[in-house]
Amino acid sequence: MFHNFGPLYSFTLRSKLRSKAFLISTLLTILFIFGFTNIDRILSNFADTDSGEALLVTENVELATVMQSLGYEDVEASNVTEDEARAGLDNGDYEVVAFIDGYSARVLSERPETEFTTLLQTALREVRNAELIDSANVDPAVIAALNEPIPVEESYLGRGGENSDELFSSFAFVYVMLMLLYVSIITYGSMISTEVTTEKSSRVMELIISTTHPVTHMLAKISAIGTLALLQIGIFLGFGYFSARSNEMAQSVIDNAGNARAVLYLLTFFALGYLLYAALFAVLGSLVSRVEEAQQMTMPVIMLLVAGFLAAMFGLNNPDAPIVAILSFVPFFTPMLMFLRVMLVDVPVWEVALSIGIMLGSIGVILWIGSKFYRGGVLFYGNNALKQWRQILQNRQ
């Protein structure tokens with residue numbers, strides 16, 4: 001039955017590795033990962049870090065001193081007329097002018113000056129509070145004591161982390177990995193259905209089936225593209241790890257959450273999810289004769305995958321929810337929801353083992369049933385495979 005499995009596996013893998021689509025998608029994804037992990041450094045090249053010269057139209061010279069103490073150094077206070085201030089703004093002597101009236105201000109500038117406006121509000125608040133405290137004869141030490149924050153130290157007992165930083169890192173890591181799981185399964189699964197449909201529409205399938213058992217052909221396709229997927233994901237994870245080392249936030253996420261255990265669970269649930277969905281994609285792809293029809297035929301499977309991803313996104317906010325725990329044992333949702341749970345909450349080992357067992361059993365059943373349809377489907381050229389499923393089963397080799 002498995003005659004020619006090796007040649008089919010090798011041919012499919014080599015053709016995909018040499019394809020332009022593989023090279024371009026790998027390069028573009030690497031560029032995206034580099035940009036994502038270095039987004040702060042990239043954006044800093046477009047940011048205007050120089051604060052423009054500012055004029056405060058006020059008699060309170062102390063306000064400019066407060067602004068300078070807050071970090072806005074290029075600022076001066078002067079009691080000039082509004083026409084003179086506007087003339088200085090038009091001539092380029094100042095980039096921003098603020099007219100102070102009591103504790104309120106009116107700001108003029110050619111473009112938004114967010115930093116100046118924020119610091120001006122803070123400076124006006126400090127000046128106002130100082131004057132109110134002085135007029136009320138309140139001891140400044142009392143005011144300082146009232147404003148002093150109360151320290152609260154939080155410790156978490158869940159799997160996600162012992163403090164808020166570690167918990168945030170775990171959530172960020174799980175979110176990115178869930179995106180990777182979702183995109184990878186849907187991409188490589190669709191690749192299988194497209195591959196099978198293309199061979200069938202070009203009549204190449206008839207030549208292959210004449211020398212190879214249909215089930216062998218299906219398993220070779222699934223295995224070859226699965227190997228391609230693991231190779232490409234390995235490249236992405238490896239590049240992402242080294243690229244993130246230059247980003248403080250990304251490095252913190254990796255240090256707190258990106259350990260060997262997380263990668264092991266990621267690869268395990270990806271492999272299980274891929275096999276489950278790949279079998280469905282392969283069978284549905286064999287039932288149609290055109291790529292356009294394959295997209296319509298596989299839409300229910302894609303919707304299942306989307307439903308699992310959406311459930312995982314909602315589960316991020318409450319991974320302990322009973323509905324999340326229940327759905328994590330449903331084979332179509334297990335890859336994402338069980339990965340979510342094992343990363344963020346303490347899940348008993350028997351639950352993880354049970355979910356993996358259910359996945360393996362489901363994969364076996366789908367492969368067994370799917371192989372029967374695949375045998376007849378690869379040589380079926382009718383218009384409606386769903387209505388003629390009995391004929392497809394009767395035509396299997």
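Looking up the protein chain in an unreviewed UniProt entry gives the name ABC transporter permease, with the organism given as Exiguobacterium alkaliphilum.

1. What about the UniProt feature "transmembrane region" (unreviewed entry) in the protein chain?
In the UniProt entry, the feature "transmembrane region" (unreviewed entry) is given for residues 21–39, 172–197, 218–242, 262–285, 297–316, 322–340 and 352–371. The span residues 21–39 shows a helical share of 95% and a strand share of 0%, and its end C-alpha atoms are spaced 26 Å apart. The span residues 297–316 is 90% helical and 0% strand by assignment, and the distance between its end C-alpha atoms comes to 31 Å.

2. Some words on the sheet that holds strand β4 (residues 104–109)
Spatially, four strands are ordered β2-β1-β3-β4 in an open sheet, and the strand pairing comes out mixed. Edge positions in the sheet fall to β2 (75–78) and β4, since each has one partner strand and no second. Averaged over all adjacent pairs, the angle separating strand axes in this sheet is 20 degrees, with direction ignored. Here strand β1 (residues 54–57) runs beside β2; their pairing, made up of four bridges, is parallel. From the neighbouring strand, Val-57 faces β2, where its bridge partner is Ser-78. Sitting on the sheet, helix α4 (residues 62–69) is in contact with β1, β2 and β3 (96–101), with an inclination near 170 degrees to β2.

3. What about the packing of aromatic side chains?
Across all of its chains, the model carries four aromatic pairs by this definition. When the ring of Tyr-265 is compared with that of Phe-269, the centres are 6.1 Å apart and the planes differ by 20 degrees; the resulting orientation is stacked. You can see Tyr-265 and its partner Phe-269 sitting in helix α12 (residues 260–286), four residues apart, about one turn around the helix. Judged by relative accessible area, which is 22%, Tyr-265 ranks as partly exposed.

4. What about the pattern of salt bridges?
Scanning the model with the defined rule gives one salt bridge in all. A salt bridge links Arg-341 to Glu-351; its shortest N-O distance comes to 3.0 Å. Of this pair, Arg-341 sits in helix α16 (residues 334–344) while Glu-351 sits in helix α17 (residues 349–377), placing them 10 residues apart in sequence. Residues Arg-341 and Glu-351 agree in their burial class; the two are buried.

The rules behind these values
Residues numbered from 1 in each chain as written. Predicted model: local features only at pLDDT ≥ 70, side-chain atom pairs only at ≥ 80, totals over all residues. Heavy atoms only, no water. UniProt positions renumbered as here; feature names shortened; annotations may be inferred. Helix = DSSP H or I, 4+ residues; strand = E, 2+ residues; numbered from the N terminus. Pairing = 2+ DSSP bridges. Axes fitted to C-alpha atoms, helices over the stretch in contact; angles between N-to-C directions. Contact = heavy atoms within 4.5 Å. Phe/Tyr/Trp six-rings, centres within 6.5 Å; stacked < 30°, edge-to-face > 60°. Buried < 20%, exposed > 50% of the residue type's maximum accessible area, 1.4 Å probe, protein only. Salt bridge = Lys/Arg side-chain N within 4 Å of Asp/Glu carboxyl O.

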